[in-house]
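Coordinate inspection notes
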Amino acid sequence: MNPLISTTSVIAARLAVGLASIGPSIGQGTVASQAVEGIVRQLEEEGKIRGTLLLSLAFMEALTIYGLVVALALLFANPFV
């Protein structure tokens, strides 16, 4: 295996995981704070807000998992070799 390709793959994998986790983590914090604020303002809609919150958090977490899949593909099933 070419050392340049393996080094570049490791760097790309690190970037994939790092960048894929920044956006969803910021989004999850924003969504959680807005959901708490919405529940405080309208207590009767708590169940609906909580359901929407959990669904949106799951979608955001899926973005991070996609970054992890790309990183694992670059490390173990490298298409450039």
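Below or above, wherever it landed, is the structure these notes cover. Since this is a predicted model, take the numbers as computed values, not measurements. (Residues numbered from 1 in each chain as written. Predicted model: local features only at pLDDT ≥ 70, side-chain atom pairs only at ≥ 80, totals over all residues. Heavy atoms only, no water.)

Looking at the overall build of the protein chain
- Regarding its fold elements, the protein chain presents two helices and zero strands.
- In summary, the protein chain has a C-alpha radius of gyration of 18 Å against a globular reference of 12 Å for 81 residues, an excess of more than 25%.
- In terms of principal-axis extent, the alpha carbons of the protein chain reach across some 60 × 15 × 10 Å.
- Residues counted as buried form 17% of the 81 residues belonging to the protein chain.
- Long-range pairs, those at least 24 residues apart, make up 78% of the contacts in the protein chain with a sequence separation of at least 6.
- With the model as given, the accessible surface of the protein chain reaches about 5800 Å², and the carbon-plus-sulfur share is 72%.
- Between the averaged position of the 4 positive side-chain charges in the protein chain and that of its 5 negative side-chain charges there is a distance of 8 Å. (Helix = DSSP H or I, 4+ residues; strand = E, 2+ residues; numbered from the N terminus. Rg over C-alpha atoms; globule rule 2.2 N^0.38 Å. Buried < 20%, exposed > 50% of the residue type's maximum accessible area, 1.4 Å probe, protein only. Contact = heavy atoms within 4.5 Å. Areas by Shrake-Rupley, 256 points an atom, 1.4 Å probe, with all protein chains shown as cover. Lys, Arg positive; Asp, Glu negative; His and termini not counted. Charge placed at Lys NZ, Arg CZ, Asp CG, Glu CD.)

Re the side chain of S9
- Position of S9 among the secondary structure elements: in helix 1 (residues 3–41).
- Owing to a relative accessible area of 5%, S9 belongs among the buried residues under this scheme.

Here's the deal with helix 2 (residues 46–76)
- Compared with the 45 Å implied by 1.5 Å per residue over 31 residues, the 44 Å span of helix 2 between its first and last C-alpha is a close match.
- Residues of helix 2 that are buried sit in contact with helix 1. (Expected span 1.5 Å × (residues − 1).)

Notes on the packing of helix 1 against helix 2
- Relative to each other, helix 1 and helix 2 sit at 175°, their axes nearing to 8 Å. Accordingly, the angle class assigned to the pair helix 1 and helix 2 is roughly antiparallel.
- Residue composition of the contact of helix 1 with helix 2, by class: 21 nonpolar, eight polar and two charged. (Axes fitted to C-alpha atoms, helices over the stretch in contact; angles between N-to-C directions. Parallel < 35°, antiparallel > 145°, perpendicular 65-115°, else oblique. Nonpolar A, V, L, I, M, F, W, Y, C, P; charged D, E, K, R; others polar.)

Considering the environment of L74
- By the element assignment, L74 lies in helix 2.
- A relative accessible area of 15% means that L74 is categorised as buried.
- In this structure the C-alpha to C-alpha distance between L74 and S21, which are 53 residues apart in sequence, comes to 17 Å.
- The contact partners of L74, leaving out residues within four places of it in the chain, are S9, A12, A13 and F80.

Regarding the environment of I11
- Of note, I11 is situated in helix 1.
- Each C-alpha atom of the pair I11 and A62 lies 22 Å from the other, and the pair is 51 residues apart in sequence.

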